[in-house]
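# Report on the structure
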Amino acid sequence: MNSLINKIGLGTVQFGANYGISNVKGKTPDAEVKSILAYAQKSGINYLDTAHAYGTAELVLGKNNLNEFKIVSKYLSGAENSLEQQIHTSLKRLKQSSLYAYLAHRPLDLIENNCKNWKVLQDYKSKGKVAKIGASFNTIEEMDELLSSGIQLDIIQVPYNFFDTRFEKNMQKLHKSGCEIHTRSTFLQGLFFCNTNELSSFFEEVKPLIKELQRIENLATQLLQYVLKRDFIDVVNIGVNNLDQLVENISLLGKFENQLVSNDKAIKNEILIPSKWPKH
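These remarks concern the structure in this document. (Residues numbered from 1 in each chain as written. Predicted model: local features only at pLDDT ≥ 70, side-chain atom pairs only at ≥ 80, totals over all residues. Heavy atoms only, no water.)

### Looking at the overall build of the protein chain
The number of helices and strands found in the protein chain is 11 helices and 8 strands. A globule of 280 residues ought to have a C-alpha radius of gyration of about 19 Å, and the protein chain, at 18 Å, matches this closely. C-alpha atoms of the protein chain, sized along the principal axes, occupy 50 × 40 × 40 Å. The 280 residues of the protein chain split such that 51% are buried. (Helix = DSSP H or I, 4+ residues; strand = E, 2+ residues; numbered from the N terminus. Rg over C-alpha atoms; globule rule 2.2 N^0.38 Å. Buried < 20%, exposed > 50% of the residue type's maximum accessible area, 1.4 Å probe, protein only.)

### What to know about the side chain of Ser 77
Mapped onto the fold, Ser 77 is located in the loop between β3 (70-75) and α4 (83-94). Contacts of Ser 77, omitting those with residues within four sequence positions, involve Arg 106 and Asp 109. (Contact = heavy atoms within 4.5 Å.)

### Regarding the environment of Arg 230
Positionally, Arg 230 belongs in the loop between α9 (219-228) and β8 (235-239). Placed 214 residues apart in sequence, Arg 230 and Gly 16 show a C-alpha to C-alpha distance of 30 Å. If near-sequence neighbours (up to four positions away) are discounted, Arg 230 is found in contact with Lys 7, Tyr 160, Glu 168 and Ser 262.

### Focus: the nonpolar core
Membership of the largest hydrophobic core comes to 84 residues, with the highest contact counts inside it found for Leu 110, Phe 163 and Leu 246. With 7 residues, the top contributor of residues to this core is α9. If you look at the next biggest cluster of nonpolar residues, it comprises 7 residues, including Val 72, Tyr 100, Ala 101 and Ile 155. (Core = buried A, V, L, I, M, F, W, Y, C linked by side-chain atoms within 4.5 Å.)

### Looking at the packing of α9 against helix α10 (residues 243-251)
Taken N-terminus to C-terminus, the directions of α9 and α10 make an angle of 60 degrees; their axes are 8 Å apart at the nearest point. As summarised for this structure, α9 and α10 are arranged oblique, according to the angle between their axes. When you trace α9 past α10, the crossing you get is right-handed. Judged by residue contacts, Ala 220, Thr 221 and Leu 224 of α9 engage Glu 248, Asn 249 and Ile 250 from α10. Taken together, the residues that form the contact of α9 with α10 break down as 3 nonpolar, 2 polar and 1 charged. (Axes fitted to C-alpha atoms, helices over the stretch in contact; angles between N-to-C directions. Parallel < 35°, antiparallel > 145°, perpendicular 65-115°, else oblique. Left-handed = near helix turned anticlockwise from the far one by under 90°. Nonpolar A, V, L, I, M, F, W, Y, C, P; charged D, E, K, R; others polar.)

### Things to note about α4
The terminal C-alpha atoms of α4 lie 16 Å apart, and with 12 residues this matches the ideal 16 Å at 1.5 Å per residue to within 8%. Listed as buried for α4 are Leu 83, Gln 86, Ile 87, Ser 90, Leu 91 and Leu 94. With its buried residues spanning 130 degrees around the axis, α4 presents them on a single face. On its buried face, α4 is in contact with α3 (57-61), β3, β4 (99-104), α5 (116-126) and β5 (130-136). (Expected span 1.5 Å × (residues − 1). Arc of directions from axis to C-beta.)

### Observations regarding the layout of surface pockets
By volume, the second largest pocket is sized at about 200 Å³. In this structure, the second largest pocket is lined by 13 residues; those nearest its centre are Phe 162, Glu 212, Leu 213, Val 261 and Asn 263. A breakdown of the residues in the lining of the second largest pocket according to their chemical character gives 7 nonpolar, 3 polar and 3 charged. (1 Å grid on protein atoms, 1.4 Å probe; cavity = no way out; pocket = protein on both sides within 12 Å on 5 of 7 lines; lining within 4 Å. Points joined across faces, edges and corners; volume = space filled by probe spheres on them.)

### Quick look at the sheet that holds β5
An order of β1-β2-β3-β4-β5-β6-β7-β8 is seen for the 8 strands of this closed barrel, with the pairing classed as parallel. Across the sheet, the axes of successive neighbouring strands diverge by a mean angle of 25 degrees, strand direction being ignored. Of the pairings in the sheet, the one linking strand β2 (residues 47-49) to β3 comprises 3 bridges and is parallel in character. Residue pairing for β3: Tyr 47 is matched across the bridge by Lys 70. Across the face of the sheet, helix α7 (residues 168-176) comes into contact with β6 (155-159) and β7 (180-184) while running at roughly 150 degrees to β7. (Pairing = 2+ DSSP bridges.)

### Side note on the packing of aromatic side chains
The full count for this structure, using the stated rule, is 9 aromatic pairs. Residues Phe 162 and Phe 163 carry aromatic rings whose centres are separated by 6.1 Å and whose planes lie at 35 degrees to one another, so their mutual orientation is tilted. Of the two residues examined, Phe 162 and Phe 163, each falls in the buried class. Aromatic side chains Phe 187 and Phe 193 sit 5.4 Å apart centroid to centroid with 55 degrees between the ring planes, which places their arrangement in the tilted category. With relative accessibility at 8%, the residue Phe 187 sits in the buried group. Each residue in the set Phe 162, Phe 163, Phe 192 and Tyr 226 is aromatic and connected to the rest through ring pairs, giving one cluster. The side chain of Arg 230 reaches across the aromatic face of Tyr 226, ending 4.1 Å from its centre. The cationic tip of Lys 268 hangs over the ring face of Phe 202; the distance from NZ or CZ to the ring centre is 5.7 Å. (Phe/Tyr/Trp six-rings, centres within 6.5 Å; stacked < 30°, edge-to-face > 60°. Lys NZ or Arg CZ within 6 Å of the ring centre and 35° of its normal.)

### Examining the pairing of β8
A large share of β8 lies buried, amounting to 4 of its 5 residues. Pairing of β7 with β8, which is carried by 2 bridges, proceeds in the parallel orientation. Bridge pairing links His 182 to Val 235 in β8.

All quantities given are derived from atomic positions and should not be read as evidence of function.
Spelled out as structure tokens, the structure:
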């Protein structure tokens, strides 16, 4: 079994919502999801990354046999339902009695109200409902604030890709302390594959970099390998809209040396964080 493939997690937001700047077909059909999951399992992909807030993603996943996967889900503070309601809903939708990990979508929520929700997560962990608890981060500032509180996270999820290595020092430090490191945004929501002539002026500073990257053969595999080969990363989550994309992304893994050297050009946070992108 290809050891790089064993480090891959399957992102699932596009199974329940229209997601991704390069996704022109919208939500992945249920039948295609079934094919993707079957191929993933057969290939040695062990992790699924989902969330209560990913539209119908958990419901769609729950229509399949997920017993061979380690499932990571998340709750969203400030949502209509409490943390307790969200985790119970997630378990019901996924048809699972427990989860591999459960994360705070908004990490600073864990230290508010005298760490109320962190204590709730610890309780679920002690009851065996989740094996690992932690948080998903967007900014270095929120990570620094949470870690300075003294909370010991079992697991974190952060964006990491050829353009975005903001968290690298913290990732290395946490990994050494035994924290499990998961990454997302490997393809920056598909930005690396976009036609630069069709991108808005918001992306002007990275258009030349993207054009340069697109000259590289097997770019998707190269970008994925770039992240997978970091020894301080345990799981690399990738999103695919269809089975062909998954096959293309993993079929060549480990079969050639990576041509990508580290990007030394500073890129502004507004481009690195998709939630800051223009809506149209």
